[in-house]
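What follows is each chain in one-letter form.
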Amino acid sequence: MDVAEPSSDSTTAALPFDVFARACPSRPVLEHLTGRWGTLALAGLADGPLRFGDLRRRIDGVSEKMLAQTLQQLERDGFVHREVRRAIPPHVEYSLTDLGAETAPRLLELIGFLEARMPEVLDSQRRHAESRANTEP
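Under an unreviewed UniProt entry, the name given to the protein is Helix-turn-helix domain-containing protein, and the source organism is Nocardia fusca.

As structure tokens, then:
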């Protein structure tokens, strides 16, 4: 996985970012956000902070390893905050940063749109499968 290291050069802020350009550092960030687990992690945290186990239960099907990697990427990118609580027993809590809180509603809107349009998607998938079955020998 390509992960661009943050530049210490102050000119970075002045550079134009183009996600379509191979070397643009926005591309791996977009990947982190729009990958299956990144989108679900941000959406899962949209209602407030969660402990790791609670978030894992919320995101049905994610492995512990994949969720941990996803949260590390989102934390590194500035979307998620990780806080170790010194309670008994100690635990880790995840929450959205300001950037994450600004991003999550956009992802939730996309999720809501997709869920609302699923009958059309399923119908299209059915028609596609039928047309493929009719044209194959």
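## What about unusual backbone geometry?
For the bond from I88 to P89, the omega torsion is -5°, close enough to zero to count as cis. Assignment of secondary structure puts P89 in the loop between β2 (80–85) and β3 (91–96).

## Re the sheet that holds β3
The strands making up a sheet associate through hydrogen bonds between their backbones, and the pairing can be parallel or antiparallel. On the basis of which strands lie adjacent, the open sheet formed by 3 strands has the order β1-β3-β2 and antiparallel pairing. Looking at which strands have only one partner, the edges of the open sheet turn out to be β1 (50–51) and β2. Sheet topology note: the β1/β3 ladder contains 2 bridges and is antiparallel. Counted as the bridge partner of R51 is E93 from β3.

## As for the packing of aromatic side chains
Applying the stated criterion to the full structure yields 1 aromatic pair. Between F52 and Y94, the ring centres sit 6.3 Å apart and the planes meet at 55°, which makes this aromatic pair tilted. A residue pair is termed long-range when its members are at least 10 positions apart, and F52 in helix α3 (residues 52–58) and Y94 in strand β3 qualify at 42 residues. Each member of the pair, F52 as well as Y94, carries the same accessibility label: buried.

## Notes on the environment of T34
Topologically, T34 is positioned in helix α1 (residues 26–34). In this structure T34 comes out as partly exposed when scored by relative accessible area, which is 47%. Along the chain, T34 and L107 lie 73 residues apart, while their C-alpha atoms are 8.4 Å from each other. Of the polar contacts made by the side chain of T34, one reaches the backbone oxygen of L30; its length is 2.7 Å.

Rules of the game
Residues numbered from 1 in each chain as written. Predicted model: local features only at pLDDT ≥ 70, side-chain atom pairs only at ≥ 80, totals over all residues. Heavy atoms only, no water. Helix = DSSP H or I, 4+ residues; strand = E, 2+ residues; numbered from the N terminus. Pairing = 2+ DSSP bridges. Phe/Tyr/Trp six-rings, centres within 6.5 Å; stacked < 30°, edge-to-face > 60°. Buried < 20%, exposed > 50% of the residue type's maximum accessible area, 1.4 Å probe, protein only. Polar contact = N/O pair within 3.5 Å; in protein donor to acceptor, adjacent residues only side chain to side chain.

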